[in-house]
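Below are the chains, spelled out letter by letter.
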Amino acid sequence: MYVHKAGLQIDLRGQLAALSIAAVVILIGVPLWWRTTETYRAWLPVSQIQELANLQLQLSADVEVVFARGTVTPEQQKKVPLTLTQDDEHVVDEDTALRYRYETRYRTATIMEEDALNQPTAAEADLSLHTLSESPCGSLVVYVIPESSSLLPEDVDVYVGQRRTALLRIGAQTRVGRTLEQLLSHLEPRVKQVLQVMSFSHTDITAALSDRVRLSPGNKESIADSMRAFKSSPGYEITFSLLNPDPKSHRLHWDIEGAVQTYIQPLLRKLAPLANFSIDSQTLYYAMLGVNPRFDSSRSAYTLNSDSLAHVINPVEARLGSNAASSNPVLNFLLYVPDAHHSPLHINDHKKQEVPSNAFHSPRWGGIMVYNVNDFYGPEAAFPVDINIDMAKVMGVFLAQLRLLLGVQSSAPPPRFLVAPCSSAGIADWELDRLMWSRSVENIATATTTITSLAQLLDQIGNIVINDNIAQQVSSAVTSLQLAVAELESGNLRFALQYSKEAILASERAFFDPSLLHLLYFPDDQKFAIYIPLFLPMCVPILLSLLKIVSDARQRRREKHAKAD
Amino acid sequence: MKILTLWSLFSTYLLASSLNIENHAAQFFSSGHTNNWAVLVCTSRFWFNYRHVANTLSVYRSVKRLGIPDSHIVLMLADDMACNHRNPKPATVFSHKNMELNVYGDDVEVDYRGYEVTVENFLRVLTGRLPPSTPRSKRLLSDDRSNILIYLTGHGGNGFLKFQDSEEISNVELADAFEQMWQKRRYNELLFIIDTCQGASMYERFYSPNLMALASSQVGEDSLSHQPDLAIGVHLMDRYTFYLLEFLEDIHPASKTNMNDLFKVCPKSQCVSTPGHRTDLFLRDPGSVLITDFFGSVRKVEITMETINLTDPIEQVEQSPVNGELQKERNSYVDQLPVSEIIHQKPKQRDWHPPDGFILGLWTLILLVFFKTLAFQETAVGSKPPYRVQ
């Protein structure tokens, strides 16, 4: 229908059509296209994650210092008991800060403790002290004994027990006539030294933070230490293998089940809060070492020198099985019985000396021990010879290697320290505490980096779909992390470790979820190439008709003004 | 005087030898890695891409020879060469003409074969985002102390690499995947080798630390193949990988050759294309990086100095009764396997489809003819049409 107005034809119907099409496109089409090409992204607690990116950890340790008779005067005794708190702050880098809080309680010994300290040797004193009271996880008790005490040998000032106690001998120059403040200030650095050995030290904690903070490597000992132990993992697989290259000569019997039950399980039971362990064993026949040993005529034995040890592992590793069902790290312990022609076989160290344990280990892999059986039979024995392997000796070596590989073993103690030999449980309580401190810190550090990098990744790549289960995992990881940090602050070590484990499990599950794969990468020119052929043919007529409407309206207005004038 | 010089020489020799041992120990730990992994990918399929499979298998052989076990190698091949109908020598893949070296062998372990070699699976392996049912052999279980070797070969272009003739991976995706590996500390150092046309474009976009990259050709150049074998009828290897393998043949697990020698492999005179490398993201000096840091698996070892004195006798494990309480359960696992869906599926209702093109055309023709004749009848005869209009 055409409307004639001052000679100008306005196609009203056409204009209305164009306008309504434009309205539909803009008001309905564009939002519909936006909504249907959106990816579903569940809500993530981004602000809490950013808070966690800045990690301020506080580690609290409780120390009880008990004065035995003869170390304090009666007047001083009245002023003791008191409690002191000390804070040590360290800034590791711009995102990470550490604070160590030591709460020291001083008191005098009770009658029963005095009786216990009157035992002839330090080991017995330690045992009877333990029967009196049990210190909670993460705390320490230091007994200060007078200089004249005969518990410790002459050159030893500190004895570290198997539980959470230490015996500290007060120095010769500290006469009893000193004031209490002087006594305390003299004791404080020595107690701190004991704490560094038995609880946590700054080097250990910063090594545990290595995921977050890439520190420049120190000396080669520290590099070797950090590379040796396995990283924190929810589970470990331990495999014991017996390698028999010569079944024609030796028929080997090893009671591995009993040995594992008696010697290894106590350690693993104590380490249960840290990780799950699964143990299996196997026997491999005709498995040779990849290296030819050299005959040393001076000792009439075959020797393997330390340089060739590195090439022993690879040919054997190809034949070791592994549990295909889990992705946990595997610790392999191999017992090699040399064949009859190459017996006895000894391992030499760098200085060409025989190694007494006849064993070596590889960081983050496992250990190998060579067990010589040529002493068990004479030259006229009928082959194959039945041999029972002495599992106590073998497990002694494997247990030591296991402790090293799991990170239980600390570096050498400071001078004038005597550390009690390892008990049958395989691990002392304070060693367990130490491990729990460093593992908690490591788990918290790893979980925070995982969560923050996941948030960053999801922020950067706009077209990854975030499902609800991932958002839930992330939220639970954030909650567990906050709880773990809080428990660490208040000194509840066991709970801190448990929460940190939950945090790391949730964060790993969220980060490695299979649905988070950013598969489609669209550079901008490809996006234009896809949308232009679809939208341009539709938009051009609409735009042109809108322009025509506008120009017509303008022309009409001009005519109206012209008419008016 | 002479005695003095002799004595000083002797003492310096002693000092040097002791320092040497210390340096040896220091060098052992200087690379900072404790295990090695290799991800070897051949992105082509079809018979005429024989050379890509031979490339990958030759690198696989070298890496195994130098010590990396199968459990630490992720091998992705289309694996359609050895049993191809056109292979005159079935179950073999040769890498040298005159069929000198069969690189397929009988202990090759292919982790991703056939249509499993996709961009998605490759990225999943690198980033670790695999479904929980994936077996251990198909995963890259590296940690922050692993050195990884990644070798890619196939057909590529400027900024992309073609996977199995149906999809592509771009250099941006690859760089992002490496960054995600770095964020999760899945590698200590990474060596990336690519043998395709315009291979240098694939490492242009890397931005994560500790990456070293080598490519067989620059942007705008093609990587060429080495030699055809007249009996098999296809080209057997690519030039860059051929000379790379010649170089690797001289490496044994204890050799001290470093990366600078690897960069010199296959100069333009031999390769026709110009190989390139990129080391600006790598923290160590390439001259101090050993070839065996990536291609082999030299383990660090330490002597065990301490042992624990165990004195408890072994407690006898209680013998469980042989017969009686141990119930033998029959476990049926077939429902958990994907095959159970196939076994238990109901017969599918065939959906109705509109008729195919030919049938459609035929019916249209018939209808046209019918109505035309009807109309013809109507106009020509003038009689009443067979249908009535009410």
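Residues numbered from 1 in each chain as written. Chains lettered and ligands numbered in written order. Predicted model: local features only at pLDDT ≥ 70, side-chain atom pairs only at ≥ 80, totals over all residues. Heavy atoms only, no water.

A. Molecular detail of the packing of aromatic side chains. One pass over the structure, following the stated rule, counts 27 aromatic pairs over all chains. Their ring planes at 80° and their centres at 5.3 Å tell us that Phe511 of chain A and Phe512 of chain A sit as a pair that is edge-to-face. The same class applies to Phe511 of chain A and to Phe512 of chain A, which are both buried. Here Phe282 of chain B and Phe294 of chain B contribute two aromatic rings whose centre-to-centre distance is 6.5 Å and whose plane-to-plane angle is 55°, an arrangement assigned as tilted. One end of the pair, Phe282 of chain B, is in the loop between strand 10 (276-278) and strand 11 (302-303); the other, Phe294 of chain B, is in the loop between strand 10 and strand 11, and twelve residues separate them in sequence. Here Phe282 of chain B and Phe294 of chain B have matching classes, each one buried. (Phe/Tyr/Trp six-rings, centres within 6.5 Å; stacked < 30°, edge-to-face > 60°. Buried < 20%, exposed > 50% of the residue type's maximum accessible area, 1.4 Å probe, protein only. Helix = DSSP H or I, 4+ residues; strand = E, 2+ residues; numbered from the N terminus.)

B. Just the packing of helix 2 (residues 46-53) of chain A against helix 12 (residues 429-460) of chain A, in detail. All names here are of chain A. Packing of helix 2 against helix 12 leaves a shortest axis separation of 9 Å and a crossing angle of 135°. Viewed along their axes, helix 2 and helix 12 adopt a mutual orientation that is oblique. Considering the relative orientation of helix 2 and helix 12, their crossing is left-handed. Contacts from Ile49, Leu52 and Ala53 in helix 2 reach Thr448, Ile451, Thr452 and Ala455 in helix 12. Looking at side-chain class alone, the contact of helix 2 with helix 12 contains five nonpolar, two polar and no charged residues. (Axes fitted to C-alpha atoms, helices over the stretch in contact; angles between N-to-C directions. Parallel < 35°, antiparallel > 145°, perpendicular 65-115°, else oblique. Left-handed = near helix turned anticlockwise from the far one by under 90°. Contact = heavy atoms within 4.5 Å. Nonpolar A, V, L, I, M, F, W, Y, C, P; charged D, E, K, R; others polar.)

C. Here's a closer look at the state of the cysteines. All names here are of chain B. Following the criterion strictly, the structure yields one disulfide over all chains and no others. Through a disulfide, Cys266 is tied to Cys271; the S-S separation comes to 1.7 Å. Across the disulfide from Cys266 to Cys271, rotation about the S-S bond amounts to roughly 100°, and the bridge is consequently right-handed. As far as burial versus exposure is concerned, Cys266 and Cys271 are alike and both buried. With no disulfide partner, Cys42 has as its closest neighbouring cysteine sulfur the one in Cys197, 14 Å distant. (Disulfide = S-S within 2.5 Å.)

D. Geometry of the UniProt feature "active site" (unreviewed entry) in chain B. Residue and element names in this part refer to chain B. UniProt records the feature "active site" (unreviewed entry) for His155 and Cys197 in the present numbering. For this annotated set, covering 43 residues, all C-alpha atoms fall within 6.4 Å of each other, a compact arrangement in space. Structurally, the position occupied by His155 is in the loop between strand 4 (146-153) and strand 5 (156-157). Leaving out residues up to four positions away in the same chain, His155 has contacts with Thr43, Ser44, Asn49, Arg51, His52, Leu161, Lys162 and Thr196. Mapped onto the elements, Cys197 comes out in the loop between strand 8 (189-195) and strand 9 (211-215). Beyond its immediate chain neighbours, meaning those up to four positions away, Cys197 contacts Gly156, Gly157, Ser217, Glu221, Asp222 and Ser223. (UniProt positions renumbered as here; feature names shortened; annotations may be inferred.)

E. Seen up close, the sheet that holds strand 12 (residues 294-296) of chain A. Residue and element names in this part refer to chain A. Strands sit in the order 12-13-15 across an open sheet of three strands; the sheet is mixed. Each having just a single partner strand, strand 12 and strand 15 (345-347) make up the two edges of the open sheet. Strand-to-strand twist of the sheet, defined as the mean angle between neighbouring strand axes without regard to direction, takes the value 45°. As paired strands, strand 12 and strand 13 (residues 301-304) are joined by three bridges and run antiparallel to one another. For Phe295, the partnering residue across the bridge sits in strand 13 and is Tyr302. (Pairing = 2+ DSSP bridges.)

F. Here's a closer look at the pairing of strand 9 of chain B. Residues and elements named next belong to chain B. Among the five residues of strand 9, five are classified as buried, and the element is accordingly described as predominantly covered. Burial of the side chains of strand 9 extends over both faces: Leu211, Ala213 and Ala215 are buried on one face and Met212 and Leu214 on the other. Note that strand 8 and strand 9 share five bridges and pair parallel. Bridge pairing in strand 9 places Leu190 opposite Leu211. Bridging between strand 9 and strand 10 involves three bridges; their strand directions are antiparallel. Paired with Leu214 across the bridge in strand 10 is His277.

G. Layout of the UniProt feature "transmembrane region" (unreviewed entry) in chain A. All names here are of chain A. UniProt's feature table lists "transmembrane region" (unreviewed entry) at residues 12-34 and 528-550, given in the numbering used throughout. Within residues 12-34, the helical portion is 100% and the strand portion 0%, while the C-alpha atoms at the span's ends are 32 Å from each other. The distance separating the terminal C-alpha atoms of residues 528-550 is 28 Å; by composition the span is 100% helix and 0% strand.

H. Representation of a nonpolar patch on the surface in the model. Residues and elements named next belong to chain B. A grouping of Phe358, Ile359, Leu362, Trp363, Ile366, Leu367, Phe370 and Phe371 is seen on the molecular surface, where their side chains present a nonpolar patch of about 860 Å² in accessible area. On the secondary structure map, Phe370 appears in helix 9 (residues 357-381). For Phe370, a relative accessible area of 47% translates into the label partly exposed. (Patch = residues over 30% accessible without salt bridge, like charges linked within 9 Å, V, L, I, M, F, W, Y side chains within 5 Å. Areas by Shrake-Rupley, 256 points an atom, 1.4 Å probe, with all protein chains shown as cover. Salt bridge = Lys/Arg side-chain N within 4 Å of Asp/Glu carboxyl O.)

I. View of the side chain of Thr104 of chain A. Residue and element names in this part refer to chain A. Along the chain, the position of Thr104 falls in strand 5 (residues 96-108). Residue class for Thr104 comes out buried when judged on its relative accessible area of 11%. In this structure, Thr104 is in contact with Val63, Val65, Leu82, Thr83 and Leu84, ignoring residues within four places of it in sequence.

J. Structural view of helix 13 (residues 468-490) of chain A. All names here are of chain A. When the terminal C-alpha atoms of helix 13 are compared, their 33 Å separation across 23 residues agrees well with the 33 Å that a helix rising 1.5 Å per residue should span. Of the positions making up helix 13, those classed as buried are Ile470, Ala471, Gln473, Val474, Ala477, Val478, Ser480, Leu481, Ala484, Val485, Glu487 and Leu488. If you follow the buried residues of helix 13, they end up packed against helix 2, strand 3 (55-67), helix 12 and helix 14 (493-511). Two residues or fewer after helix 13 comes Gly491, characterised by a positive phi angle close to 90°. (Expected span 1.5 Å × (residues − 1).)

K. Up close: the interface of chain B and chain A. Contact with chain B, which involves 57 residues of that partner, is made by 73 residues of chain A. Summing both sides of the interface, chain B and chain A together bury roughly 5700 Å²; the carbon and sulfur share of this comes to 59%. Where chain B packs against chain A, one counts six salt bridges. Glu302 of chain B is paired through a salt bridge with Arg228 of chain A; the nearest N and O atoms lie 2.8 Å apart. Taken together, chain B and chain A are joined by 16 residue pairs in polar contact (both at pLDDT 80 or more). Residue assignment for the side of chain B that touches chain A shows that the elements contributing at least two residues are helix 1 (2-28), helix 3 (119-127), helix 4 (171-183) and strand 11 of chain B. When the residues that make up the side of chain B that touches chain A are grouped by side-chain class, the tally is 22 nonpolar, 15 polar and 20 charged. In terms of strand pairing, strand 16 (residues 359-362) of chain A meets strand 11 of chain B through two bridges, oriented antiparallel. Note that in strand 11 of chain B the partner of His361 of chain A across the bridge is Glu302 of chain B. (Buried area = accessible area lost by both parts, 1.4 Å probe. Polar contact = N/O pair within 3.5 Å; in protein donor to acceptor, adjacent residues only side chain to side chain.)

L. Representation of the sheet that holds strand 3 (residues 112-113) of chain B in the model. All names here are of chain B. Across the sheet, seven strands lie side by side as 3-2-1-4-8-9-10; this open sheet has mixed pairing. Every other strand in the sheet has two partners, leaving strand 3 and strand 10 as the edge strands with one partner each. Along the sheet, helix 2 (residues 50-65) contacts strand 1 (35-42), strand 2 (73-77), strand 4 and strand 8; its crossing angle with strand 2, the most-contacted strand, is approximately 165°.

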